[in-house]
Amino acid sequence: MGRFTVWDYVVFAAMLLVSAAIGIYYAFAGGGQKTSKDFLMGGRSMSALPVALSLSASFMSAITVLGTPAEIYRFGAKFCMFSIAYTLVMLCTSEIFLPVFYRLGITSTYEYLELRFNKYLRLCGTVLFIIQTTLYTGIVIYAPALALNLVTGFDLWGAMVATGVVCTFYCTLGGLKAVVWTDVLQVGIMVAGFSSVIIRAVVVQEGIERIVNDSYYGGRLSIWDFNPSPLQRHTFWTIVIGGTFTWTGIYGVNQSQVQRYLSCKSRFHAKLALYINLVGLWVILTCAALCGLSLYSIYKDCDPWMSKRVSAFDQLMPYLVMDILGDFPGVPGLFVACAYSGTLSTVSSSINAMAAVTVEDFIKPYLRSLSENKLSRISMGMSLFYGGVCIVMAALASLLGAMLQAALSIFGIIGGPLLGLFSLGILCSFANGIGAFVGLVTGFLMALWVGIGAQFYPPLPERTRPLSLSIAGCNLTSGNLTTTLNPLTAAFNTSAPVRPAVANWYSLSYLYFSTLGTVTTLAVGIIISLLTGGLKQKADPKFLLTKEDFLSNFSRFKSEEATEN
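Keep in mind the model is a prediction, meaning the values are calculated, not measured. Sequence order sets the numbering: in each chain, residues are counted from 1 along the sequence as written. With the structure being a predicted model, the display of local features is reserved for residues of pLDDT at least 70 and the display and counting of side-chain atom pairs for 80 or more, all residues being used for whole-chain, interface and lining totals. Each side-chain value is worked out from all heavy atoms of the structure, with water and hydrogens disregarded.

Undergrad: Report on the overall build of the protein chain, specifying residues and quantitative values.
TA: In this text, helices come from DSSP runs of H or I with a minimum length of four residues, and strands from runs of E with a minimum of two, each type numbered from the N-terminal end. A count of helices and strands for the protein chain gives 22 helices and zero strands. Exposure categories follow from relative accessible area, calculated using a 1.4 Å probe and restricted to protein chains: below 20% of the type maximum is buried, above 50% is exposed, and the middle band is partly exposed. Counting over 565 residues, the protein chain shows a buried share of 58%. Every residue pair with non-hydrogen atoms within 4.5 Å of one another is taken to be in contact. In the protein chain, the proportion of contacts linking residues at least 24 apart, taken out of those at least 6 apart, comes to 88%. Of the roughly 21,000 Å² of accessible surface on the protein chain, 68% is carried by carbon and sulfur atoms. All accessible areas in this document rest on Shrake-Rupley with a 1.4 Å probe, and a residue is counted as covered only by the protein chains that are shown.

Undergrad: Which residues make up the pattern of salt bridges, and what values go with them?
TA: Here, a salt bridge means any side-chain nitrogen of Lys or Arg that lies within 4 Å of a carboxyl oxygen of Asp or Glu. Within the structure shown, the criterion is met by eight salt bridges. The salt bridge partner of Lys78 is Asp225, with a shortest N-O separation of 3.4 Å. Here Lys78 is found in the loop between helix H4 (62-75) and helix H5 (82-104), whereas its partner Asp225 is found in the loop between helix H9 (208-217) and helix H10 (236-251), with 147 residues between them in sequence. Side by side, Lys78 and Asp225 carry an identical accessibility label, which is buried. As a salt-bridge pair, Asp361 and Arg122 come within 2.6 Å of each other at their nearest N and O atoms. Taken together, the residues span a long stretch of sequence, with Asp361 in helix H14 (residues 331-363) and Arg122 in helix H7 (residues 119-152) at a distance of 239 residues. Overall, the relative accessible area of 1% leaves Asp361 in the buried class. For Arg122, a relative accessible area of 7% translates into the label buried.

Undergrad: Can you break down the side chain of Ser229 residue by residue, with the values?
TA: Here Ser229 shows up in the loop between H9 and H10. A residue is classified by how much of its surface remains accessible, and Ser229, at 18% relative accessible area, is buried.

Undergrad: So what about the state of the cysteines? Which residues, and what values?
TA: Only a pair of cysteine sulfur atoms within 2.5 Å qualifies as a disulfide here. Taken as a whole and judged by the stated rule, the model has one disulfide. Disulfide partner of Cys302: Cys474, at an S-S distance of 1.9 Å. Linking Cys302 and Cys474, the disulfide has an S-S dihedral of approximately 110 degrees and is accordingly described as right-handed. Of this pair, Cys302 sits in the loop between helix H12 (267-299) and helix H13 (316-325) while Cys474 is found in the loop between helix H18 (461-464) and helix H19 (503-506), placing the two residues 172 residues apart along the sequence. For the pair Cys302 and Cys474, one class covers both residues: buried.

Undergrad: Can you break down helix H15 (residues 372-396) residue by residue, with the values?
TA: Between the first and last residue of a helix there are one fewer steps than residues, each counted as 1.5 Å, and that sum is the expected span. With 25 residues, H15 extends 36 Å from end C-alpha to end C-alpha; this agrees with the ideal 36 Å at 1.5 Å per step. Of all the positions in H15, only Leu375, Ser376, Ser379, Met382, Ser383, Tyr386, Gly387, Cys390, Met393 and Ala394 are classed as buried.

Undergrad: An account of the nonpolar core is needed here, citing residue identities and associated values.
TA: Grouped burial of nonpolar side chains is what soluble globular proteins tend to show. With 158 residues, the main nonpolar core has Phe82, Phe101, Tyr112, Tyr251, Tyr261, Met317 and Tyr340 as its most contacted residues. For this core, the element with the highest residue contribution is helix H8 (residues 156-204), accounting for 18 residues. Beyond its immediate sequence surroundings of up to four residues, Phe101 is in contact with Ile106, Thr109, Tyr112, Gly252, Val258, Tyr261, Leu262, Phe422 and Ile426. For this analysis, a nonpolar core means a set of buried residues of the types Ala, Val, Leu, Ile, Met, Phe, Trp, Tyr and Cys, connected via side-chain atoms within 4.5 Å.

So, in structure tokens, the structure goes:
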């Protein structure tokens, strides 16, 4: 098996250089970033297509590139049911959250919480978002760097620092416009990297029919599982219901995503961006699924993990690339660029979003005399600061479990209660600040309790249902890549301690963490609001979802700019 060559490093470096060049261009194009609105919101002048591609790239990170194919190889193509969840997410986001946020013209999503409730809830929301985003960003930078390093020999710390520095560079110089247009480049590289693997796998296996046939007889195409138990890791219900809550917490109320579609020049463009992004999510999910099925078809008789050629499932995709594409100079570099494009797009979105909420929620309300030019410079300084924080967090990421599940768990534990809080404000006119605060705290503690419990008492194999693997066709005398196991990529090797009765509760599917947090926040928030005089208050209709918001979909797209500005 080959190792990384000069040409592979050239391809990877080219991707970083082009990304940096886009940042330099937008630092000076059109007179540069004169105001914080230009820097953080692209002047609210973006059109649908680049924003849609940016939305697709932002959370389809290296975790998707490496984690999803390995997930399908290990557990089968049930993960593809996320295509249904993504559709429901876009409907909820575009019809419930977008109309209210766009009407208010806010920059920070959490500004809504002050307008609807009080400033203390705004600060709670902002702090939770920053914690969530820094934890997630640490995994996004570290996990692919580790997996790629162990298999390809690609330098671990060099890659991590280069990723962090380049992201920080173009975010600090070019603001949101640079982030969006580098995302457009990076989503193209991600699809190209996936495509190179799929095409070569089809050639090696002498046709797509063999890949499909092997996957069918290996049980990898058994998708439909309607088991209603919330303890099963992946079923139709956990993915469609739990996945919808998890991803609505991301697309509906997470600053990184909301900031993008609010930068569109009209509400019509914002909605269109969400639906074009849905197609992008389907394409990326399809590519990842085909890579996972190709992995199984090629290694069905000699699993690289059981034969100790890799030390964790997250390393399977890099291993496959070096195995079937190692003789093609520059192509492994394209795949690494593909994985790191996912990382760059996610990290840059996170840096820009954290800079936005810091300026809008912590600086502007207390230093009202600052000029727009100074605010723009402070925004740049915040981007620089959060870029450094992300690199530091990457060094701490090894304390978490398997990367795909760890990433979604973080979004569930923190994103679920936040989704419940915003839903309470937008959908319940009688909700008040006391109910919202008690609901948020209760929902967060409930999701955190189950999430931490799941780390100590991981679900048993009968809950996760891993499919069979084989080493019957291996030549076990060949060299292997066994290394010291790392908890981030070797979560499957942990032996479960003696399990108390409550451990069954901790076996709740990780996708239901968000549902649990959202439903608890809503239920407690409604009850406390009703008990503390919520029916006596009169909420301003502009902070609520109204009948007119829905009916406006059926009118001709009449002068959106005039009505929304």
